[in-house]
Structure formats: structure tokens, C-alpha cells
Amino acid sequence: MKQYKIALIKGDGIGPEVINEAKKVLETLTEKQDLSFEFNEYLMGGCAYEKYQNPLPEETIEGCLKADAVLFGAIGGNKWDNLPRELRPESGLLKLRKKLEVFANIRPAMVFDELIEASTLKSEVISGVDLVVVRELIGGIYFGEPKGREKDKAYNTMIYTVDEIKRIAKVGFELARTRRKKLCSVDKANVLDVSALWREVVIEVAKEYPDVELTHQYVDNASMQLILNPKQFDIILTSNLFGDILSDEASMLTGSIGLLPSSSIGEKAALYEPIHGSAPDIAGLGIANPIATILSASMMLKNTLKETLAADKIQKAISKVLKEGYRTKDIASFGAKEICSTSKMGTLIAEYVKREE
């Protein structure tokens, strides 16, 4: 029997609720597949600050590096917003990404047929949408130096090296090869020197992938095209700042941010998480949608653990649950037969996984 070490970071807000449901579904797989999981929990975010006065304890970093993969919920909340920036939950997450060297953030945006009416866009615009944003995660303006704030000004530096651009571009092109072989690189090369370099390097890397169609868009046009004609996209490759914005925009094509997973990968670690935040306003109410986190677990099985059959069982189970009309509150207006709690949605998906042959 294969055994995998999974580091669990539940975090803050609804993080513990959705992680518990993903864990429930993964544990169900041990009854059906020849595999098992060793789960180890670690603190990060506001909960870590409350215990250690540190949003990212060293123990968490070490535990994540020893694990086969990391499954993460969400961090943050209003109660920590007034802390010094280095002590805020978000700083812990940025530091963890840097320590794990997870440089590539992969965010799929796909539309479930059962929820096509949940989107604010017309069904003919979004039907069949299946795209992935590949975002560089540990460089660019979020990490560039110098940065700071003085009495009457503040500044950040957007900086990329050729090697940083090459490695994220390769991830994008390799992923495109497994899909529809189309990659759109998004930049602001008409204004920014760093984007001009980005475009030059991506064009150079593209020579290694003659089977992949490469196009370019400026970020302002890409943001418009995502709403106007999202089906034109397969892989969107872009920098940290632009990817942060575009991936959240792409997520809303589906109708709910509670439906979409993501992964952050590097050469020595892989971190999987839902793209929604900690949603402190609904924490503890049992109404959060756990599907994005459960799909993140499915991505973990497929992409890092190479357990494709197990991953497919989860995805099929989610589709069947939705097809039968089970909904959490965020998607309750669209074909709901029954409105489920967070826990019941996780239980239903786990039960359907058991039925999958």
C-alpha cells in the first residue's frame, strides 16, 4: 500500500471547515484504493500569531518540506489587520511560498454544466470554458527590492530575471502540451521594461515548443477578453501581479469563487489550496462551500502524487452531487434540490467517491 505524508494547514476563518471536508474525502479513498495518508497539522496565519506571535512558525516550514504535499485552507481576518505588516497572516503565506520555492501558481477555471446559470455572464459565453492561469508566484513586484514607505511616498519594485521567466514559461508550455496546445502570454510590454523582457524570454522559450501556439496580450486587453470571449483561452501565462488579478477575474466566470482549486509548485514542494479567502463573516456558520478545497485535493492526487484514478473519482463524485441538485448556500439559487451545510456537502461527495468503481 502506498502511503503519503500530507501537511495540513487549516488556517483561519473557514479554512478549518473546508480542510476537514477535503480530509474526509481523502480518507474515503483509502477504502477504495491501495493507498493511505499520514496527515500532520501545522499552524500558519492568524492562529499561528495567536499562539506564537509569528504567522509562520519554523515548525510549519520544516513540516511542509518533509511532506509529499501540502493542503492549505485560508488565512487572515479583520482582527489581525492592524498588526505590523510582517506579523500579519498574509506575510506568513508569502514567506511560506518563498521558503518552499513554489514559483508556479496554477489556477484552473472550468464551468460545471450543472452550474452554468450561476455565472453572471450569458450561458453561450461561458459554456465550455476551460482555461488555466499560470502565474509566477515568488518574484515580481510582491518581492522586488527596493521597497518601502517614507513620509510622503511609498515604492515597490517590479523585477524579473531571465531565469525566473524561463522556468515559469516552461511550466506553461508543458501544461499547454497536455491540453489544447495554446498559450497566451500576458504582459504590459508597451509600457514596462520588465514586461518587454518577459515577452522576449517567452518568445525564446517558445522555440522549444513548436507544437504550441503562442500569442500575446497586454494585461488590460486580456482582462477585457476574459469577459468578452473567455473560450479563446487555454493557458494564460503571466507575472505575479497580473496573475493575481486575472486569476480572480477568471474564477468568477464560474459563478462562485468557492468552486475553484489551485496549486503552487516548485522543485522541492507542492502546495494546494482553494482560491477563496478565509471569509471570516461566515466562519463557524457551516455554510462555506468545500468543493474548491476538495478539488484542490484532487489536483494534489493527480499532479504531485500521480494517483490519477483516485483524482478522477473525486471529480466524478463532485459532478454527480451537483447534477443531483445538492448545493451550498453560495450556489443555492441554481437548480438546488437541497441546500447543504459544509459538512453535508463533504459527506455526500465522500459517499459518491465510495460508489465510484
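Because the structure is a prediction, the values reported are computed rather than measured.

Concerning the overall build of the protein
Here is step 1 of the chain: Along the protein, the regular secondary structure elements total 12 helices and 14 strands.
Here is step 2 of the chain: For the protein, with 357 residues in total, the buried portion stands at 53%.
Here is step 3 of the chain: Look at the contacts in the protein between residues 6 or more apart in sequence, and 75% of them connect residues 24 or more apart.
Here is step 4 of the chain: When the accessible surface of the protein is totalled, it reaches about 15,800 Å², and 50% of it is carbon and sulfur.
Here is step 5 of the chain: Averaging the positions of the 47 positive and the 52 negative side-chain charges in the protein gives two centres separated by 1 Å.

Quick word on the sheet that holds strand β2 (residues 35–42)
Here is step 1 of the chain: Pairing is mixed in the open sheet, where 10 strands are placed in the order β2-β1-β3-β12-β11-β4-β5-β10-β8-β9. Pairing within the sheet leaves two strands with one partner each, and these edge strands are β2 and β9 (213–218). This sheet shows a mean twist of 25 degrees between the axes of neighbouring strands, independent of strand direction.
Here is step 2 of the chain: Strand direction decides the pairing type here: strand β4 (residues 104–110) and strand β5 (residues 130–136), joined by seven bridges, are antiparallel. Opposite Ala 104, over in β5, you have Glu 136 as the bridge partner.
Here is step 3 of the chain: Against the sheet, helix α9 (residues 240–251) touches β4, β5, β8 (182–187) and β10 (235–238), its axis set at about 155 degrees to β5.

Overview of the side chain of Ser 195
Here is step 1 of the chain: Structurally, Ser 195 is set in helix α7 (residues 193–206).
Here is step 2 of the chain: Classification of Ser 195 as buried rests on a relative accessible area of 4%.
Here is step 3 of the chain: Discounting residues that sit within four places of it in the chain, Ser 195 has contacts with Asp 187, Lys 188, Ala 189 and Phe 242.

Describing the packing of aromatic side chains
Here is step 1 of the chain: Under the definition given, this model contains four aromatic pairs.
Here is step 2 of the chain: Ring centres of Tyr 4 and Phe 37 lie 6.3 Å apart, and the angle between their planes is 35 degrees; this geometry places the pair in the tilted category. In this pair, Tyr 4 is assigned in strand β1 (residues 2–11) and Phe 37 in strand β2, connecting sequence segments 33 residues apart.
Here is step 3 of the chain: An aromatic cluster of at least three residues, connected via ring pairs, comprises Tyr 4, Phe 37 and Phe 39.
Here is step 4 of the chain: The ring of Phe 143 has Lys 98 lying over it, and the distance from NZ or CZ to the ring centre is 4.7 Å.
Here is step 5 of the chain: Positioned above the aromatic ring of Phe 103, the side-chain terminus of Arg 167 is 4.3 Å from the ring centre.

Some remarks on the pairing of β9
Here is step 1 of the chain: Relative to β9, β8 runs parallel, the two sharing six bridges. In the strand pairing of β9, Asp 187 is matched with Tyr 218.
Here is step 2 of the chain: Chirality of the crossover, the property in question, places the unit of β8, α7 and β9 among those that are right-handed.

Regarding the state of the cysteines
Here is step 1 of the chain: In total, this model carries zero disulfides according to the counting rule given.
Here is step 2 of the chain: Left without a disulfide partner, Cys 47 is nearest to the cysteine sulfur of Cys 64, which lies 12 Å away.
Here is step 3 of the chain: The exposure class assigned to Cys 47 is partly exposed, which follows from its relative accessible area of 23%.

Re helix α11 (residues 308–323)
Here is step 1 of the chain: With 16 residues, α11 ought to run about 22 Å at 1.5 Å a step, and its terminal C-alpha atoms sit 22 Å apart, in line with that.
Here is step 2 of the chain: Among the residues of α11, those classed as buried are Ala 310, Ala 311, Lys 313, Ile 314, Ala 317, Ile 318, Val 321 and Leu 322. An end-on view of α11 places all buried positions within 160 degrees of arc, on one side of the element. Of the exposed residues in α11, those oriented more than 90 degrees away from the buried face are Leu 309 and Lys 323.
Here is step 3 of the chain: Elements that come into contact with the buried residues of α11 comprise α1 (15–32), α10 (291–304), β13 (326–327) and α12 (342–355).
Here is step 4 of the chain: At the exit of α11 stands Gly 325, carrying a positive phi of roughly 95 degrees.

Remarks on the side chain of Asn 289
Here is step 1 of the chain: Residue placement: Asn 289 occurs in the loop between β12 (270–274) and α10.
Here is step 2 of the chain: Within the structure, the side chain of Asn 289 is placed 3.1 Å from the side chain of Asp 330, a separation counted as a polar contact.
Here is step 3 of the chain: With near-sequence residues (within four places) excluded, Asn 289 lies in contact with Val 18, Gly 258, Leu 259, His 276, Thr 328, Asp 330 and Ile 331.

What to know about the packing of α1 against α12
Here is step 1 of the chain: Packing of α1 against α12 brings their axes to within 9 Å, and their N-to-C directions diverge by 15 degrees. As the angle between them shows, α1 and α12 are arranged roughly parallel. Once α1 is placed against α12, the crossing between them reads as right-handed. Listed contacts from α12 to Glu 17, Glu 21, Lys 24, Val 25, Thr 28, Leu 29, Glu 31 and Lys 32 of α1 are Thr 342, Ser 343, Gly 346, Thr 347, Ile 349, Ala 350, Val 353 and Lys 354.
Here is step 2 of the chain: Here the contact of α1 with α12 is composed, by residue class, of five nonpolar, five polar and six charged.

Scoring rules and cut-offs
- Residues numbered from 1 in each chain as written.
- Predicted model: local features only at pLDDT ≥ 70, side-chain atom pairs only at ≥ 80, totals over all residues.
- Heavy atoms only, no water.
- Helix = DSSP H or I, 4+ residues; strand = E, 2+ residues; numbered from the N terminus.
- Buried < 20%, exposed > 50% of the residue type's maximum accessible area, 1.4 Å probe, protein only.
- Contact = heavy atoms within 4.5 Å.
- Areas by Shrake-Rupley, 256 points an atom, 1.4 Å probe, with all protein chains shown as cover.
- Lys, Arg positive; Asp, Glu negative; His and termini not counted.
- Charge placed at Lys NZ, Arg CZ, Asp CG, Glu CD.
- Pairing = 2+ DSSP bridges.
- Axes fitted to C-alpha atoms, helices over the stretch in contact; angles between N-to-C directions.
- Phe/Tyr/Trp six-rings, centres within 6.5 Å; stacked < 30°, edge-to-face > 60°.
- Lys NZ or Arg CZ within 6 Å of the ring centre and 35° of its normal.
- Right-handed = clockwise from strand over helix to strand, strands pointing away.
- Disulfide = S-S within 2.5 Å.
- Expected span 1.5 Å × (residues − 1).
- Arc of directions from axis to C-beta.
- Polar contact = N/O pair within 3.5 Å; in protein donor to acceptor, adjacent residues only side chain to side chain.
- Parallel < 35°, antiparallel > 145°, perpendicular 65-115°, else oblique.
- Left-handed = near helix turned anticlockwise from the far one by under 90°.
- Nonpolar A, V, L, I, M, F, W, Y, C, P; charged D, E, K, R; others polar.

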